[in-house]
Amino acid sequence: MQQHTTVIDKAAMALSGGLMLLGVVVLGIVEILTGKPYSAAPLTNDAGEVIATPMVDPTLRTGLVLAGLLVLALYGGYRLVAPMQNETAAAQQEITAD
Amino acid sequence: MDGLNLTVAREGLASRRSDKKSQPNGWRHAISLIVPFSGAEMGFHSVGTPAPLYVIVPGISICEVTQMSYQAANPLADEFELDLGGAWTAYWLAFLRVVTGWWFFHAGVTKLIEDGLAYTYGPAYLKQMTGTALGPIPVLMGEHLGWLIQAMVPLGETLIGLGLMVGALVRLASVFGVFFMALFWIGNAEFGHGLVNSDFMGLLLFMTMIVLATGRYYGLDAIIEKTKLVKRHPKLRYLLG
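Just so we're clear, the structure is a prediction, and the values are computed from it rather than from any experiment.

Enquirer: Which residues make up the overall build of chain B, and what values do they have?
Expert: Along the backbone of chain B there are 12 helices and 2 strands. In sequence order, chain B lays out its α and β elements as α-α-α-β-β-α-α-α-α-α-α-α-α-α. Each of the 241 residues in chain B was classed as buried or not, and the buried ones make up 41%. Taking the intrachain contacts of chain B between residues at least 6 apart in sequence as the baseline, contacts between residues at least 24 apart amount to 63%. Of the roughly 13600 Å² of accessible surface on chain B, 67% is carried by carbon and sulfur atoms.

Laid out in structure tokens, this is it:
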């Protein structure tokens, strides 16, 4: 099965994938490299006191992922309202003389 | 391998032989290796490899197998034929869909049994979601739409689960599944072992249902999509499948 991707398809894939990978992986690497805590949650001692907070605010990281999901949702909405690809192809079919 | 592919394979080898003199010694070995190397022939199922592929044959030399198949979209195609129409793919996607559906159906129906449509923990849960990436949205939802949340959490979970289990309106149900899981992921904020936790994996499962249209595999959507209504309005397939 061959699927044709348009600029909008590619943009949606790149932007959503980029945002989500930035939030999860790239900033996750930054979190590890900057020392404890290695995850997005603050580190506490036995008394429950916070002894180390994440370098990157988890709100920012989760926000990036949500933004990526939002891009996909918008893309889904666009696909619902835009003409289907085969409709467009049929409409644009050229008639050539032989 | 069919005749067409075989022809392509021979053409590939012929052109490679013509370049033989200009290649370093290693390539000459490589060319002669391709013939007995059965993988080379199998590889021609995918014509139009975007870039040359190099493989190392242990103890012999480095082979350039420019024409060998490497399908970026389905790297296992040559080995197991895991294309979306394959039997194992259909089996696994249907299984995954039913299990995901059961997960939500169980969560919803047990709430319905215990609390009916008055699941008071729903609005309370949203009200405590302060300082998240969703801003004031969950708190406002909890404060102003409490009556709706109380009913929609158990009902929504049940219907999402039911839809996935029978394979009906899977994409639409999964969109709501993603919405639920996004709230759980942010609200639970169990990030002690990183952002990728079980809530996030659940979210990704629902995304997978959407992308792969899993309702078409042993699901009712496969039948619904053949109805006249869907054929008249093909965009409904974006909600089905």
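Enquirer: Give a detailed account of the environment of B:W92, specifying residues and quantitative values.
Expert: Position of B:W92 relative to the elements: it lies in helix α5 (residues 87-115). Considering only alpha carbons, one finds B:W92 and B:Y217, 125 residues apart in sequence, at a separation of 9.1 Å.

Enquirer: I'd like to hear about the pattern of salt bridges, residue by residue, with values.
Expert: Side chains carrying opposite charge are able to pair once their charged atoms draw close together. In total, this model carries 4 salt bridges over all chains according to the counting rule given. Between A:R79 and A:D9 there is a salt bridge, and its shortest N-O distance comes to 3.8 Å. Taken as a pair, A:R79 in helix α2 (residues 58-81) and A:D9 in helix α1 (residues 7-33) lie far apart in primary sequence, 70 residues in all. According to the relative accessible area criterion, A:D9 is buried, its value standing at 5%. For B:E157, the salt bridge identified is with B:K111, shortest N-O distance 2.8 Å. Remark: B:K111 occurs in helix α5 and B:E157 occurs in helix α8 (residues 146-166); sequence separation between them is 46 residues. For B:E157, a relative accessible area of 3% puts it in the buried group. Each of the salt bridges in this network shares a partner with another, and the network as a whole consists of B:R216, B:E225 and B:R237.

Enquirer: If you had to explain the confidence of the model for chain A to someone new, which residues and values would you point to?
Expert: Of the residues in chain A, 83% have a pLDDT of 70 or more, and the chain-wide mean is 85. When pLDDT is averaged over each helix and strand of chain A, the minimum, 60, is found for helix α3 (residues 85-92) of chain A and the maximum, 94, for α2(A).

Enquirer: Could you give me a rundown of the interface of chain A and chain B, with the residues and numbers involved?
Expert: On the chain B side, the residues contacting the 21 residues of chain A number 20 residues. Interface area, chain A with chain B, both sides summed: about 1700 Å², of which 79% is carbon and sulfur. Among the residues of chain A in contact with chain B, A:L66, A:L80 and A:M84 are the three that bury the most area, contributing 31% of the side total. The interface formed by chain A and chain B contains 0 salt bridges. Between chain A and chain B we count 8 residue pairs in polar contact (both at pLDDT 80 or more) in total. Of all elements in the fold, only α1 and α2 of chain A reach the threshold of two or more residues within the side of chain A that touches chain B. Tallying contributions element by element places α2(A) first for the side of chain A that touches chain B, with 12 residues.

Enquirer: So, the packing of α5(B) against helix α9 (residues 170-188) of chain B: which residues are in play, and what are the values?
Expert: Residues and elements named next belong to chain B. Between α5 and α9, the shortest axis-to-axis distance is 12 Å and the interhelical angle comes to 55°. Judged on the interaxial angle alone, α9 and α5 are oblique. The handedness of the crossing between α5 and α9 comes out as left-handed. In this structure, α5 uses R97, W103 and F104 to contact α9, whose residues at the interface are V170, G177, F180, M181 and F184. Looking at the contact of α5 with α9 residue by residue, the classes come out as 6 nonpolar, 1 polar and 1 charged.

Enquirer: Quick rundown of the packing of aromatic side chains? Include the residues and the values.
Expert: Residue and element names in this part refer to chain B. For the structure on display, the rule yields 17 aromatic pairs over all chains. Taking 5.3 Å as the distance between ring centres and 75° as the angle between the ring planes, the aromatic pair formed by W103 and F104 counts as edge-to-face. For W103, a relative accessible area of 38% gives the class partly exposed. Residue classification places F104 among the buried positions, given a relative accessible area of 2%. An aromatic cluster of at least three residues, connected via ring pairs, comprises W103, F104, Y119, Y121, Y125, F179, F180, F184 and F206.

Enquirer: So what about the side chain of B:T100? Which residues, and what values?
Expert: Summarising the element assignment, B:T100 is placed in helix α5. With a relative accessible area of 3%, B:T100 lands in the buried category.

Enquirer: Tell me about α5(B), and please be specific about residues and values.
Expert: All names here are of chain B. Compared with the 42 Å implied by 1.5 Å per residue over 29 residues, the 42 Å span of α5 between its first and last C-alpha is a close match. Within the span of α5, buried status applies to T89, A90, L93, A94, R97, T100, G101, F104, F105, G108 and K111. On its buried face, α5 is in contact with α8, α9 and α10 (198-212). Phi turns positive one or two residues past the end of α5, at G116, with a value near 65°.

Enquirer: A description of the nonpolar core should follow, citing residues and the corresponding values.
Expert: In this structure, B:I160, B:L164, B:W185, B:L203 and B:F206 are the most contacted members of the largest nonpolar core, which totals 33 residues. Residue assignment for this core shows that the elements contributing at least two residues are α1 and α2 of chain A together with α6 (121-127), α8, α9 and α10 of chain B. By residue number, the principal contributor to this core is α9(B), which donates 9 residues. Once residues within four sequence positions are removed from consideration, B:I160 is found in contact with B:F104, B:A173, B:F176, B:G177, B:F180 and B:F206. Counting residues in hydrophobic clusters, the runner-up holds 5 residues, among them A:L19, A:V56, A:L64 and A:V71.

What counts as what
- Residues numbered from 1 in each chain as written.
- Chains lettered and ligands numbered in written order.
- Predicted model: local features only at pLDDT ≥ 70, side-chain atom pairs only at ≥ 80, totals over all residues.
- Heavy atoms only, no water.
- Helix = DSSP H or I, 4+ residues; strand = E, 2+ residues; numbered from the N terminus.
- Buried < 20%, exposed > 50% of the residue type's maximum accessible area, 1.4 Å probe, protein only.
- Contact = heavy atoms within 4.5 Å.
- Areas by Shrake-Rupley, 256 points an atom, 1.4 Å probe, with all protein chains shown as cover.
- Salt bridge = Lys/Arg side-chain N within 4 Å of Asp/Glu carboxyl O.
- pLDDT = per-residue confidence, 0-100.
- Buried area = accessible area lost by both parts, 1.4 Å probe.
- Polar contact = N/O pair within 3.5 Å; in protein donor to acceptor, adjacent residues only side chain to side chain.
- Axes fitted to C-alpha atoms, helices over the stretch in contact; angles between N-to-C directions.
- Parallel < 35°, antiparallel > 145°, perpendicular 65-115°, else oblique.
- Left-handed = near helix turned anticlockwise from the far one by under 90°.
- Nonpolar A, V, L, I, M, F, W, Y, C, P; charged D, E, K, R; others polar.
- Phe/Tyr/Trp six-rings, centres within 6.5 Å; stacked < 30°, edge-to-face > 60°.
- Expected span 1.5 Å × (residues − 1).
- Core = buried A, V, L, I, M, F, W, Y, C linked by side-chain atoms within 4.5 Å.

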